[in-house]
Amino acid sequence: MLKVPFSRVKCEGNELKYVTEVLESGWLTTAQKACEFEKVFADKVGAVYACCVNSCTAALHLGIEALHVKPGDRVFVPDMTFTATAEVVRYLNAHPVFLDVEYGSSLITPDILEDAIRRYPDVKYLILVHFGGQPCEMIKKDGKGIVDICERNGIKILEDAAHAFPAKVGNQMVGSFGDITCFSFYANKTITTGEGGMLVTDDEDIYKRVKIMRLHGINRDVWDRFTSNKPSWEYNVVAPGYKYNMPDVNAAIGLAQMEQADAFRDAREKWALKYYEYLGDMEMIDLPQCKVPPNNHAWHLFPVILNEKSKILRNEFIEKLSELGIGTSVHYKPMHRLSYYQDTYNLSPEDFPVSEKIWKGTVTLPLYPSMTDEEFMYVVTSIRNVLTA
Ligand SMILES: Cc1ncc(COP(=O)(O)O)c(C=O)c1O
């Protein structure tokens, strides 16, 4: 029996070389490699400023703080996301207003947003998730894209692009529009630093605030303190900041991964398109709705949904695949089903019919650059056998 894990990370580029350089330099925390990583990343996504941190959660926290969200403010958040997207709102004692998503893509669409604005006209912040690596409809020629709607309604956007590097809207990279965009380099993401994240923005004030809050609210970087002519002990604290900086060891891995990012994306796309080809005729599975040209998608996840025509339920499907040595995952248990949010905001499944329907059937299939033909064929054959037995 073949074993196909849900995710497999390969560090076969310059990862070891660059990490060795860091280890030999005698300086392991945030320094030159982190600066280089920020520069390369900003250039790649077409942003003016980039700030690397130790997780995407940290980036989202710094981002929402820099947008001046205050206690009691309300923030639109998709119901179908990872808990990090919503928890950062609570860090500031603000409140998420959860929005149901689109079936098949799990995205917030312009229509969903327009409807939400009608129902909650006081909400002035939106956290968007480019779910699975597929960008939301940010810009549309008719002026009805999410960016246009937000501009018209005075809503600030924080993009949670944890899944979406590298991805594009038209010819524009995710990260090059919106107020702030945050990326994740967690181990199973499209590129990794082990743990890590990046915040990008074109706004100088946001960048300055984020840089200070990333390191205790200190008005000088550690690296600057040890390289400039001013005495290293001399610094001021201008706010009670956080400890979110990315060490150079991780940035070194990130730099090597950046060199492979396009090749990784292309390989993910190849497997994703093959899933459409090999599973497209199975009436009991709804495949993810791809609404953008395939090469604009980051293809982080391939979440399928078992529909009412399936003879078995999602959990049994997962168990059967697991018995066959195939790893899967579920993205996600929606926010309205997590007890903290359910109890704090009195949420019920009837308020989220679409994410509820997705959740009941959703299973994410293995998808990573190092998948082999043999592994891929084993996965699709096993799925067929399990669902038609
Ligand atoms: C949509 C989304 N946002 C945020 C995060 C948090 O990322 P990190 O683990 O880098 O903090 C994740 C992690 O999986 C995620 O899926």
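- As named in an unreviewed UniProt entry, the chain is Aminotransferase, taken from Marinilabilia rubra.
- Its UniProt record gives the chain a comment under Sequence similarities (unreviewed entry), which states: "Belongs to the DegT/DnrJ/EryC1 family."

## Points about the overall build of the chain
Item 1. Looking only at helices and strands, the chain has 13 helices and 12 strands in total.
Item 2. Taking 21 Å as the expected radius of gyration for a compact globule of 389 residues, we find that the chain reaches 21 Å, a close match to that expectation.
Item 3. In terms of principal-axis extent, the alpha carbons of the chain reach across some 70 × 50 × 40 Å.
Item 4. Counting the 389 residues in the chain, one finds 56% classified as buried.

## Some remarks on the sheet that holds strand E12 (residues 362–365)
Item 1. Taken in spatial order, the 3 strands line up as E10-E11-E12 in an open sheet, and their pairing is antiparallel. Unpaired on one side and paired on the other, strand E10 (285–286) and E12 mark the two borders of the sheet.
Item 2. Where strand E11 (residues 302–306) lies against E12, 4 bridges are found, and the strand directions are antiparallel. Looking across to E12, one finds that Val 304 is bridged to Val 363.

## Observations regarding the sheet that holds strand E5 (residues 156–160)
What links the strands of a sheet is backbone hydrogen bonding, and the strands pair in either a parallel or an antiparallel sense.
Item 1. Pairing in this open sheet of 7 strands is mixed, and the strands run E1-E9-E8-E5-E4-E2-E3 from one edge to the other. Two strands bound the open sheet, and with one partner strand each, they are strand E1 (49–53) and strand E3 (95–99). Pairwise comparison of adjacent strand axes, ignoring direction, gives a mean angle of 20° for this sheet.
Item 2. Bridging between strand E8 (residues 180–184) and strand E9 (residues 197–201) involves 4 bridges; their strand directions are antiparallel. Residue Cys 182 lies in a different strand from E9, and its bridge partner there is Leu 199.
Item 3. Together, E1, strand E2 (74–78), strand E4 (125–129), E5, E8 and E9 form the strand contacts of helix H3 (residues 56–66), whose direction differs from that of E8 by roughly 170°.

## Side note on helix H2 (residues 32–45)
Item 1. Between its terminal C-alpha atoms H2 stretches 20 Å, which fits the 20 Å expected from 14 residues at 1.5 Å a residue.
Item 2. By the burial criterion, the buried members of H2 are Lys 33, Ala 34, Phe 37, Glu 38, Phe 41, Ala 42 and Val 45. Down the axis of H2, the sector holding all buried residues measures 165°, keeping them to one side. Opposite the packed face of H2, turned more than 90 degrees from it, sit the exposed residues Gln 32, Lys 39 and Asp 43.
Item 3. Within two residues after H2, Gly 46 carries a phi angle of roughly 75°, on the positive side.

Criteria and cut-off values
Residues numbered from 1 in each chain as written. Predicted model: local features only at pLDDT ≥ 70, side-chain atom pairs only at ≥ 80, totals over all residues. Heavy atoms only, no water. UniProt positions renumbered as here; feature names shortened; annotations may be inferred. Helix = DSSP H or I, 4+ residues; strand = E, 2+ residues; numbered from the N terminus. Rg over C-alpha atoms; globule rule 2.2 N^0.38 Å. Buried < 20%, exposed > 50% of the residue type's maximum accessible area, 1.4 Å probe, protein only. Pairing = 2+ DSSP bridges. Axes fitted to C-alpha atoms, helices over the stretch in contact; angles between N-to-C directions. Contact = heavy atoms within 4.5 Å. Expected span 1.5 Å × (residues − 1). Arc of directions from axis to C-beta.

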